[in-house]
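Architecture and fold: a report
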Amino acid sequence: MNNLVFGKYIPIKSPIHDLDPRAKIAALFVMIAAVFIPKSWYCYALLGVIILGIVLLSHIKITMILKALKPTMFMMAFLLIINCLTVKTGTVLLSYKSFVIYSDAVLNTLFIVVRLLLMIMLTTILTATTKPLDLTLGIESLLSPLKVIHFPYHEIAMMISIALRFIPTIIEETMRIMNSQKSRGVDFEEGKLREKINAILSLIIPLFTVAFQRAFELADAMEARGYVPDQERTKYHTLKFRFKDFLFLLFAHILLALMILSRFYL
Amino acid sequence: MAIKFKSLSYIYDEGMPYAHKALDDINLELVEGKVTAIIGETGSGKSTLVEHLNALLLPSSGSLEILDREIVAREKNKGLKALRKEVGLVFQFSEYQLFEETILKDVAFGPKNYGISEEEANDKARKALKLVGIDEKMFDVSPFDISGGQKRRIAIAGILALEPSVLVLDEPTAGLDPKGAQEMIEIFITLNRKQGKTIIIVSHDNEMVYNYAENTVLMEKGRIAYCGPTLELFNNDELVRKYHLLEPQLVSFKRMLKEEGFKVPAEIRTIGELAKYMGKEVRKR
Ligand SMILES: Nc1ncnc2c1ncn2[C@@H]1O[C@H](COP(=O)(O)OP(=O)(O)OP(=O)(O)O)[C@@H](O)[C@H]1O
Ligand SMILES: [Mg+2]
């Protein structure tokens, strides 16, 4: 559980950390779109180099990105198998009795894998370089135009920020309860199915109780300090959109434009 | 036999930018069959230290010898479940581990994990519950419907029911009322005197430590600052000042009496013993 890297903020200083969260969120979406458009390997080479460049700029260790990718390996292997069984075009790469693997199957999988890799890298950059609080401020600000259709953007942002805030707490709580139960002889790794179910129950029930208790306490604390959900609020922490944020966003758009053009000219 | 920490270090989030060395090259010997207190400022690594005793945390480097096992950093460690029966660890804030429908079932949960029959487990649970002072009437109550102090007692009973030979308690009395805390401590002391169990107790309460613990380990920023007889630590003004320890009232009292010309023996550690001695002295005069 401690190895959970995906979605974890890394508190260091870097040019990417320094950007406005709105610029980062918007640029992320634009770049993810850019990742899913091209069909040529040249484009992916370019994207790969650029995204790797951003990773380097953000001072995140490559090993961290690799760790974030680890959980997706299983999915990728699964994809490869499915593709090998279904895709029947291209040249024959390998044949064993009635089992044939075509080049397109491998190529298709490679495309998906590369796209997924780049996407995960991008999201890891966002979450690793943006404080959860800034992330929600960014989301709130980006959603705020929706107030014309009475979309409760502030409440949504508040919910997201509370949820994000409590992820580490819940993880910590889980570890603590797990350790208590291990001390009472619960074995979370080995054992028969029945024992496994029992082990999970001994974790889930206290976790729920604690989570509810925390939620009620928080609600009380917020009410005690006069929080009213749909009231207009001022902010202590305001976001500033600077020239470099504009440049970063512009860069993302140029990248997207290039990728769209590549569909016509490559 | 003793519990031996050999150049043991522990790093939280090893390999991350925010890695934190919580234990730094610990060399320590805890004597079995005694009551040992572990004290130190908050964040000094007390909990981290005791969580090694039943292998919930495995050392980042160095090793730990406990009972007939050796736990070495970076080696596959199997059969930890068996170790956890012999070394019972009661957590700081242990009240969160409760989950069964009734108190009795919850306490019997531990022993049942070690493959004994339902009745036997229930017997052990009843015994443990009585020991911590939970009335038989409460056995069928849900553990969620009781007070925080009672929850703590039940959590402690949950470990006592395993009948461990080493009992490790991480601030077992924090949040209990003074009388309840005193009762709790006396239960542990009795377990030590009557059954010879090794008791290791993390505490912020220097009064209690002075009264009951034969040995004390003082931690400071992940290192061992002092390890030895409790009396030698607290009776030594220099050490008390050097480590900014809160002096037990009894020690101040004894000093004042000395200034008045009484030759109070150093080994007096409880107010009862002191009263007895003073009674004799006053009558002599
Ligand atoms: N799960 C964790 N992840 C990262 N760092 C931790 C974790 N648990 C503890 N630490 C850090 O390790 C150090 C020692 O913590 P520990 O809990 O052992 O202290 P303690 O002496 O038990 O304190 P207290 O008296 O407050 O219980 C602290 O600086 C703490 O911030
Ligand atoms: Mg602690």
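Residues numbered from 1 in each chain as written. Chains lettered and ligands numbered in written order. Predicted model: local features only at pLDDT ≥ 70, side-chain atom pairs only at ≥ 80, totals over all residues. Heavy atoms only, no water.

1. As for the domain arrangement of chain B
Residue and element names in this part refer to chain B. For chain B, the assigned domains are domain 1 (2–247) and domain 2 (248–285). The C-alpha centroid of domain 2 is placed 32 Å from the C-alpha centroid of domain 1. In this complex, domain 1 contributes 15 residues to the contact, which on the side of domain 2 involves twelve residues. For the pairing of domain 1 and domain 2, the buried interface totals around 1,000 Å² over both sides, and the portion due to carbon and sulfur atoms is 49%. If you look at where domain 1 meets domain 2, you find two salt bridges. In this structure, Arg 255 and Asp 237 form a salt bridge, with 3.5 Å as the shortest nitrogen-oxygen distance. Where domain 1 packs against domain 2, one counts ten residue pairs in polar contact (both at pLDDT 80 or more). Elements with a minimum of two residues in the side of domain 1 that touches domain 2: α7 (206–212) and α8 (230–234). (Domains from an automatic or database assignment. Contact = heavy atoms within 4.5 Å. Buried area = accessible area lost by both parts, 1.4 Å probe. Salt bridge = Lys/Arg side-chain N within 4 Å of Asp/Glu carboxyl O. Polar contact = N/O pair within 3.5 Å; in protein donor to acceptor, adjacent residues only side chain to side chain. Helix = DSSP H or I, 4+ residues; strand = E, 2+ residues; numbered from the N terminus.)

2. Here we look at the sheet that holds strand β4 (residues 61–66) of chain B
Residues and elements named next belong to chain B. One open sheet accounts for four strands, arranged β2-β1-β4-β5; its pairing is antiparallel. Since the sheet does not close on itself, it has two edges, and those belong to β2 (20–31) and β5 (69–72), each with one partner. Direction aside, the axes of adjacent strands within the sheet are offset by 15° on average. The pairing of strand β1 (residues 2–12) with β4 spans four bridges and is classified as antiparallel. Its bridge partner lying in β4, Lys 6 is registered against Ser 63. Helix α1 (residues 46–53) rests against β1, β2 and β4 of the sheet, and its axis sits at about 125° to β1. (Pairing = 2+ DSSP bridges. Axes fitted to C-alpha atoms, helices over the stretch in contact; angles between N-to-C directions.)

3. Remarks on the packing of helix α3 (residues 103–113) of chain B against helix α4 (residues 118–131) of chain B
All names here are of chain B. It is at 8 Å that the axes of α3 and α4 come closest, and there the two elements cross at 115°. As for how α3 packs across α4, the hand of that crossing is right-handed. Listed contacts from α4 to Ile 103, Leu 104, Val 107, Ala 108, Pro 111 and Lys 112 of α3 are Glu 118, Ala 121, Asn 122, Ala 125, Arg 126, Ala 128 and Leu 129. Looking at the contact of α3 with α4, its residues break down into nine nonpolar, one polar and three charged. (Left-handed = near helix turned anticlockwise from the far one by under 90°. Nonpolar A, V, L, I, M, F, W, Y, C, P; charged D, E, K, R; others polar.)

4. Looking at the environment of Val202(B)
Residue and element names in this part refer to chain B. In this structure, Val 202 sits in strand β8 (residues 198–202). Exposure remark for Val 202: the relative accessible area of 0% places this residue in the buried category. Considering only alpha carbons, one finds Val 202 and Glu 171, 31 residues apart in sequence, at a separation of 5.1 Å. (Buried < 20%, exposed > 50% of the residue type's maximum accessible area, 1.4 Å probe, protein only.)

5. Details of the coordination of the magnesium ion (ligand 2)
Residues and elements named next belong to chain B. Here the magnesium ion (ligand 2) is held by Ser 47 (OG) and Gln 92 (OE1), and the distances to it run 1.9 to 2.4 Å. Separated by 45 residues along the polypeptide, Ser 47 in helix α1 and Gln 92 in the loop between β6 (87–90) and α3 bring together distant segments of the chain. For Gln 92, a relative accessible area of 22% corresponds to the partly exposed category. (Donors = N, O, S within 2.8 Å, 3.2 Å for Na, K, Ca; no water.)

6. Points about the sheet that holds β8(B)
Strands pair in a sheet through their backbones, by hydrogen bonds, and they do so in one of two ways: parallel or antiparallel. Residue and element names in this part refer to chain B. The strand order across the open sheet formed by six strands is β6-β7-β8-β3-β9-β10, and the pairing between neighbours is mixed. The open sheet has two edge strands with one neighbour each: β6 and β10 (223–229). Pairwise comparison of adjacent strand axes, ignoring direction, gives a mean angle of 15° for this sheet. Bridge count for strand β9 (residues 215–220) against β10 is six bridges, and the pairing is antiparallel. Note on β10: the bridge partner recorded for Val 217 is Cys 227. Helix-sheet contacts for α1 involve β3 (35–40), β6, β7 (166–170), β8 and β9, and the interaxial angle to β3 is about 145°. Contacts from helix α6 (residues 178–195) reach β3, β7 and β8 within the one sheet, and its direction differs from that of β8 by about 155°.

7. Observations concerning the packing of aromatic side chains
As enumerated under the stated definition, the model contains nine aromatic pairs over all chains in all. Summarising the aromatic geometry, the rings of Trp41(A) and Phe111(A) are spaced 4.6 Å apart at their centres and angled 20° between planes, so their arrangement reads as stacked. Placement of Trp41(A) in helix α2 (residues 41–57) and of Phe111(A) in helix α5 (residues 103–129) is noted, with a sequence separation of 70 residues between them. When its relative accessible area of 37% is taken as the criterion, Trp41(A) is described as partly exposed. When its relative accessible area of 16% is taken as the criterion, Phe111(A) is described as buried. These aromatic residues form a ring-pair network of at least three members: Trp41(A), Tyr44(A) and Phe111(A). A cation sits over an aromatic face here: Lys81(B) above Tyr114(B), 5.5 Å from the ring centre. (Phe/Tyr/Trp six-rings, centres within 6.5 Å; stacked < 30°, edge-to-face > 60°. Lys NZ or Arg CZ within 6 Å of the ring centre and 35° of its normal.)

8. Some details on the interface of chain A and chain B
Each side of the interface is counted separately: chain A has 26 residues, and chain B has 26 residues. When the buried area of chain A at its contact with chain B is split by residue, Arg176(A), Ser183(A) and Arg184(A) rank highest and sum to 31% of it. For the pair chain A and chain B, the interface holds one salt bridge. Taken together, the elements giving at least two residues each to the side of chain A that touches chain B come down to α3 (62–69), α7 (153–183) and α8 (193–224) of chain A.

9. Let's talk about the pattern of salt bridges
Inspection of the entire model under this criterion finds 24 salt bridges over all chains. Across the pair Asp20(A) and Arg22(A) runs a salt bridge whose closest N-O atoms are separated by 3.0 Å. In this structure, Asp20(A) and Arg22(A) share a single accessibility class: buried. The salt bridge involving Lys6(B) is made with Glu65(B); its shortest N-O contact spans 2.5 Å. Placement of Lys6(B) in strand β1 and of Glu65(B) in strand β4 is noted, with a sequence separation of 59 residues between them. It is possible to trace a salt-bridge network through shared partners that takes in Glu173(A), Arg176(A) and Arg214(A).

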